[in-house]
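An overview of the molecular structure
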Amino acid sequence: MRSIQFILLLSCLSFSALAQSNLTPAQRDSLKQATVADHNNMLQQLGIAADQLRKGPSGNPKDPNAANSSEEKVNKYILPDPLVLKNGQKVKNAKDWLEKRRPEIVADFESEIYGRMPANIPAVKWQLVSTKDTLVGNQAIREKTLKGIVDNSAYPAIRVEISLILATPLAAKGAVPVVIEFSFPRSQFNPGNVQAIGMGSAGEPTWQEQLISRGWGYAVIAPASIQADNGAGLTHGIIGLVNKGAHRKPEDWGALRAWGWGASRVIDYLETDKDVDTKKLAIEGLSRYGKAAAVAMAFEPRIALGFIGSSGAGGVKLLKRVFGEQVENLASSGAYHWFSGTFIKYASKLTADDLPVDAHQLVALCAPRPIFISAGSPEVEGQWGDAKGMFLAAVHAGPVYRLLGKKDMGTTEYPLLGMPLIDGDIAYRQHAGGHSTGPNWSTWIAWASRYWGL
Ligand code: GCU
């Protein structure tokens, strides 16, 4: 029962509510009002009246308008072919993929879903706040706390400082591989009484301990230090700084790309740190940060491996598939800030069928780099994230990996719960736990060892 309540909490309340639970009711109200005002401003810019915006299904399976969770009720949908150019020609080699088709797909994701990065993003200066030799569990680490200070001389009213923690094994003899995590509030930075999501399951070493004992390191980014996780924050953070406090234009970037930009700036720092082997960097995240991890990897070639946890809709779940969370949910005032304003059209004048790209092409943008897609059990995690929709995106990215001489998952058949599909450069595993990457860490590490060695 507790786990079901937990799923409902995840699906319905969303984590921003959790993160904001230290606000007073009045502060929460004003945040909500500012979010609704920003959402309305974007609707106006798009020429969409409030009653022209469709509502998404409910994340509560008991509601009469519950999201579809039955395979029999899945719609028929057509996915854009990642290997056919817009002019109808087939992509037959790696050169055409890289020079012609990939840029087409990038352009569609930028103009229709995630937004475009502005050309004039100010520079970031990294500052080492502290270094200490300490323990994570019983593993000895060197832990550095860093701040990435964004130049705000063009608009001093907004300050942005990226918070980063880097841990490497104290015993390391040289530079080590590092997994970068987008962390939820209350975990690394702000340990509270809530069990942090994405950590090891009870009784197992945490993911940090597993990485350190393997001889690898980890870096933890606080996404909210880059861009707030709500619509009210769009006139602040890095997006607000570039816009000098004004509302976004419809094609401007959303929070997912802003978080991805932050990860790229973290990598700029890591490239200057002799403890880090920057040829061996991975990105990991869960849920909205799983979406962020996928987007970061798609757009940042220095990320070598991915671990995309329960990213669901807006991440690596097929958006055209009617199962679990839908575009209409993402376009609402609770989630639109993750995307460009233009994405809202697909919950109004257009539908998901009209999207020129889908999640299999987001996975394909990561090719040929190895990517591991992770989901939890439907009974514990719920069906909101659509584990099969994520598997299918992995399947349909396969042709691109093959074209580039890499191995796909090796099957198109949905695996049994717990079965790892880890022989290829696209990997998938649905673990038996809940909304967490925790139970998949050991499998991920085994798979990553193929690339990073012992
Ligand atoms: C909500 C949201 C999901 C998101 C999740 C999370 O459930 O609908 O899209 O992934 O929150 O980030 O926790």
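Criteria and cut-off values
- Starting afresh in each chain, residues are numbered from 1 along the sequence in its written order.
- At least 70 in pLDDT is required for a residue's local features to be given in this predicted model, at least 80 for side-chain atom pairs to be given and counted, and no such filter applies to totals for whole chains, interfaces and linings, which use all residues.
- Values shown for side chains rest on all heavy atoms present in the structure; no hydrogens or waters enter the calculation.
- Segments assigned H or I by DSSP are reported as helices when at least four residues long, segments assigned E as strands when at least two residues long, and all are numbered from the N terminus.
- Note on exposure labels: buried denotes an accessible area under 20% of the residue type's maximum, exposed denotes more than 50%, and partly exposed covers the range between, all computed with a 1.4 Å probe on protein chains only.
- The contact definition used throughout considers only heavy atoms, calling two residues in contact when any of these lie within 4.5 Å.
- The pairing criterion for strands is at least two bridges between them, as found by DSSP.

Looking at an unreviewed UniProt entry, one finds the protein named Carbohydrate esterase and attributed to Dyadobacter linearis.

The next subject is the environment of Leu421. For Leu421, the position within the fold is in the loop between helix 12 (387-403) and strand 9 (426-430). Among the residues examined, Leu421 registers a relative accessible area of 11% and is labelled buried. Sequence spacing of Leu421 and Thr443 is 22 residues, and the spatial spacing of their C-alpha atoms is 9.9 Å. For Leu421, the residues in contact, after removing those within four places along its chain, are Phe391, Met409, Thr411, Pro415, Ile426, Ala427 and Tyr428.

Counted residue by residue, strand 8 (residues 371-375) has 5 buried out of 5 residues, so it is predominantly covered. Here strand 8 shows two buried faces, one formed by Ile371, Ile373 and Ala375 and the other by Phe372 and Ser374. Taken together, the 4 bridges between strand 7 (residues 305-309) and strand 8 define a ladder with parallel strand orientation. Directly across from Phe307, in strand 8, lies its bridge partner Phe372. Note that strand 8 and strand 9 share 5 bridges and pair parallel. Its bridge partner lying in strand 9, Ile373 is registered against Tyr428.

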